[in-house]
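# Fold and contact review
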Amino acid sequence: MSILELEQIFLDKIEREIKIEPKDWMPEQYRKTLIRQISQHAHSEVVGMLPEGNWITRAPTLKRKAILLAKVQDEAGHGLYLYSATETLGVTREQTINDLHTGKAKYSSIFNYPTLTWADIGAIGWLVDGAAILNQVMLCRTSYGPYARAMVRICKEESFHQRQGFEILLVMSKGSPEQRAMVQDAVNRWWWPSLMMFGPHDSESTHSEQSTKWKIKRMSNDELRQKFVDMIAEQVKFLNVTLPDPALKWNEERKHYDFGEINWEEFWNVVKGNGPCNRERLAARKKAWEEGAWVREAALAYSRKRKERAAGQTAAA
Ligand code: BYC
């Protein structure tokens with residue numbers, strides 16, 4: 001079959017909402033786009049464990065510690081599903097992780113901000129996981145089968161994450177004046193970086209046009225960001241705090257909230273590696289990889305041994 005015919009079969013599947021599977025023919029650029037996006041998504045999950053991990057030993061109660069531990073473990077699991085989904089596209093996990101460590105691959109800008117107080121853990125759950133869910137619900141309908149299926153499970157867990165974050169803030173917002181001030185401070189610091197998670201304006205987004213045609217993306221960066229603002233502007237009313245944007249206002253004509261301009265200089269600075277914690281995050285991931293080498297070697301040796309034993313038993317039978 002000619003490339004043109006193969007491409008037509010691929011496009012027909014996309015058109016008819018049939019998922020593309022690992023062994024199907026796909027354009028090289030579709031494969032590359034998916035490797036880039038899914039691996040960056042996996043890196044975000046794993047690097048995203050670091051700001052929250054910072055609070056596991058300092059969570060205010062045993063119950064909060066157990067919940068936070070479970071949440072951070074969930075993020076590790078999400079990373080694993082997504083690294084596996086990336087592998088179905090023909091790259092090894094070592095290559096993918098090496099791209100993170102050498103700075104070739106990105107991860108979400110949001111994880112380059114520090115977690116200064118316990119209220120930050122609430123704000124991450126409410127705002128960061130809230131933003132992540134909106135994006136990931138849309139990705140449950142993405143055209144590549146393994147990515148879409150990973151997203152279904154991840155979304156279920158993320159919605160628990162968002163609720164636990166909101167609940168932390170709700171409890172604190174009913175507490176002492178100091179606790180209420182901590183909530184406001186955390187919301188002030190996490191609000192704008194959360195809006196940046198959705199990526200640049202559609203007009204500046206290099207990949208959107210093609211990714212939308214291939215149904216990798218089902219909603220644009222700006223559409224999802226607006227959805228997020230509309231959702232959070234209502235939820236914040238229960239927390240007795242305000243969002244740090246004087247331009248935030250319901251627009252009756254548009255039936256959406258208007259909001260102020262994002263500091264794009266800050267966004268690109270963080271994306272390029274110059275955010276408050278970029279160096280610290282990468283150093284922590286490299287250290288974990290190096291210190292975990294013996295675990296990977298032991299697991300491989302064990303699996304080799306099991307295979308050899310099984311082969312020996314088959315030969316003896
Ligand atoms: N940060 O053409 P565009 C979680 C880059 S983790 C850094 O619009 P695209 C959690 C973009 O990569 C969930 N870089 O790109 C975990 C591109 O550069 P390259 C994280 C960004 O791909 C632990 C360039 O800017 N979610 O929930 O069409 C604890 C132009 O952008 C960012 C995902 O990863 C950014 N924010 O659209 C708690 C979602 N934005 O690659 C919570 C999966 C853009 O050409 N990813 N860039 O060098 C996506 O949905 C899409 O990749 C994006 C960007 C919407 C993010």
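Our subject is the structure listed above.
Residues numbered from 1 in each chain as written. Predicted model: local features only at pLDDT ≥ 70, side-chain atom pairs only at ≥ 80, totals over all residues. Heavy atoms only, no water.

## Topic: the environment of Lys 65
Just so we agree on the cut-off: Counting from the N terminus, the helices are DSSP H or I runs at least four residues long and the strands are E runs at least two residues long. Any residue under 20% of the maximum accessible area for its type is buried, any over 50% is exposed, and the rest in between are partly exposed; the area is computed with a 1.4 Å probe on protein chains only. Two residues form a contact once any of their heavy atoms are found within 4.5 Å.
Tracing the chain through its elements places Lys 65 in helix H4 (residues 62-87). Judged by relative accessible area, Lys 65 falls into the partly exposed class, the value being 27%. Measuring from C-alpha to C-alpha, the distance between Lys 65 and Trp 55 comes to 8.4 Å, with 10 residues separating the pair along the chain. Lys 65 has contacts with Ile 56, Thr 57 and Ala 59, leaving out every residue within four places of it along the chain.

## Considerations on the packing of aromatic side chains
Note the threshold: Pairing of aromatic rings covers Phe, Tyr and Trp, the last through its six-membered ring, and needs centres within 6.5 Å; plane angles under 30 degrees mean stacked, over 60 mean edge-to-face, and all others mean tilted.
The final tally for this structure, using the stated rule, is 12 aromatic pairs. Arranged with centres 5.5 Å apart and planes meeting at 90°, the rings of Tyr 30 and Trp 214 form a pair that is edge-to-face. With a gap of 184 residues between them, Tyr 30 in helix H2 (residues 28-47) and Trp 214 in the loop between helix H9 (208-213) and helix H10 (221-235) connect regions that are remote in the sequence. A residue is classified by how much of its surface remains accessible, and Tyr 30, at 0% relative accessible area, is buried.

## Describing the pattern of salt bridges
Selection criterion: Basic side-chain nitrogens of Lys or Arg form a salt bridge, by our definition, when they fall within 4 Å of a carboxyl oxygen of Asp or Glu.
Following the criterion strictly, the structure yields 20 salt bridges and no others. Here Arg 64 and Glu 167 are joined by a salt bridge, their closest N and O atoms 2.8 Å apart. Residue Arg 64 is located in helix H4, and its partner Glu 167 is located in helix H7 (residues 145-173); the two are separated by 103 residues in the primary sequence. Accessibility expressed as a relative area gives 13% for Arg 64, which makes it buried. Taking relative accessible area as the criterion, Glu 167 reaches 33% and is therefore assigned partly exposed. Several salt bridges converge on common partners, so that one network encompasses Glu 52, Lys 71, Glu 75 and Asp 129.

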